[in-house]
Amino acid sequence: MAFTLPDLPYAHDALAEGGMSKETLEYHHDKHHKAYVDKLNELVAGTEWEGKSLEDIVKGTYQKGAVAQNGIFNNASQHWNHSQFWEMMAPKSGAIPGELEKAITESLGSVDDFKKKFSEAGVGQFGSGWAWLVKNADGSLEVTKTENGVNPLCFGQTALLGVDVWEHSYYIDFRNARPKYLENFLNNLVNWENVASRL
Ligand code: MN3
(Lines give C-alpha, C1' and ligand atoms only; values in the text may rest on other atoms or scores of the structure.)
Protein backbone atom coordinates (compact mmCIF):
# COMPACT_ATOMS: atom_id res chain seq x y z
CA MET A 1 0.00 0.00 0.00
CA ALA A 2 1.27 3.42 -0.89
CA PHE A 3 2.39 5.84 1.80
CA THR A 4 0.21 8.90 2.32
CA LEU A 5 0.83 12.38 3.69
CA PRO A 6 -0.72 12.57 7.18
CA ASP A 7 -2.89 15.60 7.93
CA LEU A 8 -1.47 18.08 10.41
CA PRO A 9 -2.97 17.44 13.88
CA TYR A 10 -4.00 21.15 13.96
CA ALA A 11 -4.93 23.90 11.51
CA HIS A 12 -2.18 25.45 9.39
CA ASP A 13 -2.48 28.73 11.29
CA ALA A 14 -2.69 27.08 14.75
CA LEU A 15 1.01 27.49 15.59
CA ALA A 16 1.32 31.07 14.33
CA GLU A 17 0.92 32.57 17.79
CA GLY A 18 3.65 30.23 19.00
CA GLY A 19 6.03 31.40 16.29
CA MET A 20 5.52 28.99 13.36
CA SER A 21 3.53 30.70 10.64
CA LYS A 22 0.78 29.42 8.40
CA GLU A 23 3.09 30.02 5.43
CA THR A 24 5.83 27.86 6.96
CA LEU A 25 3.40 24.98 7.53
CA GLU A 26 1.91 25.35 4.05
CA TYR A 27 5.36 24.98 2.52
CA HIS A 28 6.87 22.57 5.05
CA HIS A 29 3.95 20.14 5.37
CA ASP A 30 2.03 20.55 2.10
CA LYS A 31 5.06 20.77 -0.19
CA HIS A 32 8.27 19.49 1.45
CA HIS A 33 6.76 16.59 3.40
CA LYS A 34 4.47 15.69 0.50
CA ALA A 35 7.46 15.57 -1.85
CA TYR A 36 9.20 13.00 0.42
CA VAL A 37 6.06 10.83 0.44
CA ASP A 38 5.59 11.02 -3.34
CA LYS A 39 9.26 10.29 -4.02
CA LEU A 40 9.28 7.39 -1.56
CA ASN A 41 6.29 5.78 -3.27
CA GLU A 42 7.97 6.23 -6.64
CA LEU A 43 11.28 4.75 -5.46
CA VAL A 44 9.99 1.70 -3.56
CA ALA A 45 7.67 0.55 -6.37
CA GLY A 46 8.87 -2.80 -7.65
CA THR A 47 11.67 -3.12 -5.07
CA GLU A 48 12.07 -5.45 -2.08
CA TRP A 49 10.81 -2.57 0.10
CA GLU A 50 7.38 -2.29 -1.49
CA GLY A 51 4.72 -3.18 1.10
CA LYS A 52 7.16 -2.97 4.03
CA SER A 53 6.48 -0.72 7.03
CA LEU A 54 8.07 2.71 7.11
CA GLU A 55 10.14 1.79 10.18
CA ASP A 56 11.43 -1.37 8.49
CA ILE A 57 12.42 0.59 5.39
CA VAL A 58 14.25 3.24 7.44
CA LYS A 59 16.16 0.66 9.48
CA GLY A 60 16.75 -1.69 6.57
CA THR A 61 18.13 0.90 4.16
CA TYR A 62 20.30 2.81 6.64
CA GLN A 63 23.92 2.35 5.82
CA LYS A 64 26.38 4.39 7.80
CA GLY A 65 28.52 6.54 5.55
CA ALA A 66 26.51 5.83 2.43
CA VAL A 67 23.32 7.63 3.37
CA ALA A 68 23.48 10.34 0.73
CA GLN A 69 23.49 7.74 -2.02
CA ASN A 70 20.38 6.01 -0.79
CA GLY A 71 17.25 7.75 -2.10
CA ILE A 72 14.86 5.29 -0.50
CA PHE A 73 16.43 5.83 2.93
CA ASN A 74 16.44 9.62 2.58
CA ASN A 75 12.78 9.88 1.62
CA ALA A 76 11.58 7.18 4.04
CA SER A 77 13.42 8.70 6.99
CA GLN A 78 12.24 12.20 6.17
CA HIS A 79 8.64 10.94 5.90
CA TRP A 80 9.01 9.34 9.32
CA ASN A 81 10.78 12.38 10.83
CA HIS A 82 8.18 14.89 9.68
CA SER A 83 5.27 12.66 10.73
CA GLN A 84 6.73 12.67 14.28
CA PHE A 85 7.63 16.38 14.16
CA TRP A 86 4.04 17.56 13.54
CA GLU A 87 2.83 15.45 16.48
CA MET A 88 5.56 16.81 18.74
CA MET A 89 4.18 20.37 18.45
CA ALA A 90 0.93 21.88 19.67
CA PRO A 91 -0.82 25.27 19.72
CA LYS A 92 -0.60 25.20 23.54
CA SER A 93 2.77 23.93 24.68
CA GLY A 94 1.74 23.17 28.27
CA ALA A 95 3.86 22.13 31.23
CA ILE A 96 6.38 19.29 31.22
CA PRO A 97 4.69 16.24 32.83
CA GLY A 98 6.34 15.12 36.07
CA GLU A 99 7.38 11.72 34.76
CA LEU A 100 9.22 13.33 31.83
CA GLU A 101 10.83 15.99 34.00
CA LYS A 102 12.11 13.26 36.34
CA ALA A 103 13.60 11.28 33.44
CA ILE A 104 15.23 14.41 31.99
CA THR A 105 16.65 15.41 35.37
CA GLU A 106 18.05 11.94 36.06
CA SER A 107 19.94 11.74 32.76
CA LEU A 108 20.68 15.35 31.88
CA GLY A 109 20.86 17.25 35.18
CA SER A 110 17.88 19.59 34.84
CA VAL A 111 15.30 20.82 32.36
CA ASP A 112 17.42 23.92 31.77
CA ASP A 113 20.49 21.76 31.11
CA PHE A 114 18.45 19.68 28.67
CA LYS A 115 17.21 22.78 26.80
CA LYS A 116 20.76 24.13 26.61
CA LYS A 117 22.12 20.83 25.24
CA PHE A 118 19.23 20.46 22.80
CA SER A 119 19.71 24.00 21.44
CA GLU A 120 23.45 23.48 21.16
CA ALA A 121 22.87 20.25 19.23
CA GLY A 122 20.52 22.02 16.82
CA VAL A 123 22.79 25.01 16.35
CA GLY A 124 25.85 22.77 16.07
CA GLN A 125 24.43 20.52 13.36
CA PHE A 126 26.40 21.79 10.35
CA GLY A 127 24.06 22.01 7.36
CA SER A 128 20.78 20.14 7.24
CA GLY A 129 19.61 17.72 9.89
CA TRP A 130 17.79 17.23 13.16
CA ALA A 131 18.36 17.56 16.92
CA TRP A 132 16.81 14.93 19.20
CA LEU A 133 16.01 13.93 22.73
CA VAL A 134 16.22 10.13 22.64
CA LYS A 135 15.76 7.24 25.02
CA ASN A 136 18.48 4.62 24.82
CA ALA A 137 17.93 0.87 25.20
CA ASP A 138 19.15 1.09 28.83
CA GLY A 139 16.44 3.68 29.61
CA SER A 140 18.77 6.66 29.80
CA LEU A 141 17.93 9.88 27.96
CA GLU A 142 20.39 11.58 25.65
CA VAL A 143 20.53 14.63 23.37
CA THR A 144 21.82 13.87 19.87
CA LYS A 145 22.06 15.46 16.46
CA THR A 146 21.87 13.80 13.05
CA GLU A 147 22.61 14.84 9.48
CA ASN A 148 20.04 15.08 6.70
CA GLY A 149 17.32 12.48 7.34
CA VAL A 150 19.20 10.19 9.74
CA ASN A 151 17.13 9.57 12.86
CA PRO A 152 17.12 7.65 16.16
CA LEU A 153 15.61 4.53 14.54
CA CYS A 154 18.96 4.05 12.80
CA PHE A 155 20.63 3.59 16.20
CA GLY A 156 17.94 1.58 17.97
CA GLN A 157 16.88 4.60 20.02
CA THR A 158 13.39 5.91 20.81
CA ALA A 159 12.74 9.45 19.59
CA LEU A 160 11.12 11.49 22.36
CA LEU A 161 11.53 14.94 20.78
CA GLY A 162 12.98 16.03 17.46
CA VAL A 163 13.39 19.36 15.74
CA ASP A 164 13.98 19.94 12.06
CA VAL A 165 16.95 22.26 11.50
CA TRP A 166 16.83 22.22 7.70
CA GLU A 167 16.58 25.85 6.54
CA HIS A 168 13.09 25.23 5.11
CA SER A 169 11.89 24.74 8.69
CA TYR A 170 12.76 28.24 9.89
CA TYR A 171 13.76 30.57 7.07
CA ILE A 172 10.30 32.11 6.53
CA ASP A 173 9.81 32.95 10.23
CA PHE A 174 13.36 33.41 11.51
CA ARG A 175 15.46 33.94 8.36
CA ASN A 176 18.99 32.75 9.18
CA ALA A 177 18.52 32.87 12.98
CA ARG A 178 18.53 29.16 13.80
CA PRO A 179 19.29 29.76 17.53
CA LYS A 180 16.16 31.94 17.87
CA TYR A 181 14.06 29.32 16.06
CA LEU A 182 15.29 26.65 18.49
CA GLU A 183 14.73 28.82 21.56
CA ASN A 184 11.20 29.57 20.39
CA PHE A 185 10.54 25.90 19.60
CA LEU A 186 11.51 24.80 23.11
CA ASN A 187 9.61 27.57 24.87
CA ASN A 188 6.42 27.82 22.80
CA LEU A 189 5.83 24.92 20.43
CA VAL A 190 6.66 21.58 22.06
CA ASN A 191 3.75 19.28 22.87
CA TRP A 192 5.20 17.99 26.14
CA GLU A 193 2.33 15.52 26.66
CA ASN A 194 3.25 13.90 23.34
CA VAL A 195 6.93 13.78 24.29
CA ALA A 196 6.09 12.19 27.66
CA SER A 197 3.85 9.60 25.95
CA ARG A 198 6.92 8.29 24.06
CA LEU A 199 8.88 7.43 27.22
MN1 MN3 B 1 11.66 19.52 6.96
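Residues numbered from 1 in each chain as written. Predicted model: local features only at pLDDT ≥ 70, side-chain atom pairs only at ≥ 80, totals over all residues. Heavy atoms only, no water.

This part takes up the domain arrangement of the protein chain. Frequently, the measure chosen for interface size is the accessible area that the parts lose on association. When cut into domains, the protein chain gives domain 1 (22–87) and domain 2 (98–197). Measuring from the centre of the C-alpha atoms in domain 1 to the corresponding centre in domain 2 gives 20 Å. The interface is formed by 19 residues belonging to domain 1 together with 22 residues belonging to domain 2. Across the domain 1 to domain 2 interface the summed buried area is about 1700 Å²; carbon plus sulfur atoms make up 66%. Together, Thr-24, Trp-80 and Phe-85 form the three largest contributors to the area buried by domain 1 at its contact with domain 2, with a combined 30%. Seen at the junction of domain 1 and domain 2, the total is 10 residue pairs in polar contact (both at pLDDT 80 or more). Per-class residue counts for the side of domain 1 that touches domain 2 are eight nonpolar, seven polar and four charged. (Domains from an automatic or database assignment. Contact = heavy atoms within 4.5 Å. Buried area = accessible area lost by both parts, 1.4 Å probe. Polar contact = N/O pair within 3.5 Å; in protein donor to acceptor, adjacent residues only side chain to side chain. Nonpolar A, V, L, I, M, F, W, Y, C, P; charged D, E, K, R; others polar.)

Taken together, the three strands give an open sheet; going across it, the order is 2-1-3, and neighbouring strands pair in antiparallel fashion. The strands lining the two open edges of the sheet, one partner per strand, are strand 2 (141–147) and strand 3 (158–164). On average, each strand axis in the sheet is inclined to that of its neighbour by 25°, with strand direction left out of account. Across the face of the sheet, helix 3 (residues 71–87) comes into contact with strand 1 (129–135) and strand 3 while running at roughly 65° to strand 1. (Pairing = 2+ DSSP bridges. Helix = DSSP H or I, 4+ residues; strand = E, 2+ residues; numbered from the N terminus. Axes fitted to C-alpha atoms, helices over the stretch in contact; angles between N-to-C directions.)

Under the local residue numbering, the UniProt record ascribes the feature "binding site: Mn(2+)" (unreviewed entry) to His-28, His-82, Asp-164 and His-168. Taken along the chain, the residues just named run across 141 residues; in space they keep tight, none of their C-alpha pairs more than 12.3 Å apart. Exposure remark for His-28: the relative accessible area of 0% places this residue in the buried category. Those residues in contact with His-28 that sit more than four places away from it in its chain are His-33, His-82, Phe-85, Trp-86, Asp-164, His-168 and Ser-169. (UniProt positions renumbered as here; feature names shortened; annotations may be inferred. Buried < 20%, exposed > 50% of the residue type's maximum accessible area, 1.4 Å probe, protein only.)

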